[in-house]
Structures are given as structure tokens and as C-alpha cells.
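Observations on the model geometry
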Amino acid sequence: MQDSLALTVAAGVAVFILSQFFMKFILDPAVSLKEVLGELSHFFLFNQAKITNANGTQELQDGAKMLSAQLLAKKEAIPSYNVFGKLLGLPDEESLVNAATELNYVAGLLNENYPGKSTPERATEISKCMEGIQHQLNVRVSYLSSSR
């Protein structure tokens, strides 16, 4: 009787520890990454006119760079991302890196002094990048896009 009680208590403690481990090291960082994906969507939707017209302020450029960095930082916080990312329905690692790179490029294109490109050329490049980001991360970045 004593042995079965001790075994039950030990099993309960082990399950609690494992569930806390999973929650703190996998679920919480995954939720945090999902929040950044939501912030990214908000960034593009809220600033759509300025971004698509390549009329960005320094604040918009900094915001795009910050979101780019956050995407990768939040991904790094999830151990064995390739395994748990799939299980939790997160974008694959390559898509995250590509989208972060495109987002960083958008930040540069928002600078009116971007070398070698006129405003219409920059606006066209930004639109292409937005489509790529939307496709890679499965987030809405435009009010015009109907499919995700």
C-alpha cells in the first residue's frame, strides 16, 4: 500500500514537472512567436498606405527591422523548432528566415534615399515582398488579399 502511494505521488510529480517543462519551454515561446506574427500583420495593415506607396518614416523602417529581428529571436527560443514548429502549426524555419529577410529589405526600401530605385520601383518591390511574407508566414499583410 505504501509503495503504490509513493509510486502514485512520484508519477504525479513527474507528470507535473514534464507538463511545466513543456509549457515553459515550448508552448510559451510558441505563443510568443504567434504574437509577433499578429504584430507583423498589424504593422502592415495599420501602415498599409505608407508602406505600399514607399513613403515610410524612420519609425516605420525601425518597426519593420524590429519585427524582422523578433521573428528570428522568437523562433530561436523554441527548442527543436523543426519538430515542435510542425506540431504547433508554425511556419517552417526556412520560411521564417526568408520572411524576416524580406521584411528587412522592406525596411530599406521605405527609405526614400534607397540607392538606384525610384519611388514607383520601390513600391513595386515592397508589394512583391509583402506577397512573399504573406505566403511564407500565412499572415494577412494587405486588405486586398483574399486568400491566405
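Please read all numbers here as calculations on a predicted model, not as lab measurements.

Cut-offs used in this document
Residues numbered from 1 in each chain as written. Predicted model: local features only at pLDDT ≥ 70, side-chain atom pairs only at ≥ 80, totals over all residues. Heavy atoms only, no water. Helix = DSSP H or I, 4+ residues; strand = E, 2+ residues; numbered from the N terminus. Buried < 20%, exposed > 50% of the residue type's maximum accessible area, 1.4 Å probe, protein only. Contact = heavy atoms within 4.5 Å. Salt bridge = Lys/Arg side-chain N within 4 Å of Asp/Glu carboxyl O. Expected span 1.5 Å × (residues − 1).

What follows is about unusual backbone geometry. Located in the positive-phi region is Ala54, a residue other than glycine, with phi close to 55°. Within the secondary structure, Ala54 sits in the loop between helix H2 (48-52) and helix H3 (58-76). Overall, the relative accessible area of 5% leaves Ala54 in the buried class. Even without glycine at this site, Asn138 takes up a positive phi of about 55°. With respect to the helices, strands and loops of the structure, Asn138 is situated in the segment after helix H6 (119-137). A relative accessible area of 41% means that Asn138 is categorised as partly exposed.

Here the focus is the side chain of Ser41. Inspection of the secondary structure puts Ser41 in helix H1 (residues 2-46). For Ser41, the contacting residues outside a window of four places in its chain are Val139 and Arg140.

Side-chain pairing between opposite charges can occur once the charged atoms of the two side chains come close. Under the definition given, this model contains 3 salt bridges. Residue Asp28 pairs with Lys24 through a salt bridge whose shortest N-O separation is 3.9 Å. In this pair, Asp28 and Lys24 both sit in helix H1, 4 residues apart, roughly one turn of the helix. Relative accessible area serves as the criterion here: at 36%, Asp28 is assigned to the partly exposed category. Note that Glu76 and Lys75 form a salt bridge whose closest N and O atoms lie 2.6 Å from each other. Classification of Glu76 by relative accessible area gives exposed; the value is 56%. Classification of Lys75 as buried rests on a relative accessible area of 4%.

Moving on to H6. Compared with the 27 Å implied by 1.5 Å per residue over 19 residues, the 26 Å span of H6 between its first and last C-alpha is a close match. Taken residue by residue, H6 has Arg122, Ala123, Ile126, Cys129, Met130, Gly132, Ile133, Gln134, Gln136 and Leu137 as its buried positions. Buried residues belonging to H6 abut H1, H2, H3 and helix H5 (93-109).

Note that every value here comes from positions in space, so none of it alone points to a role or purpose.
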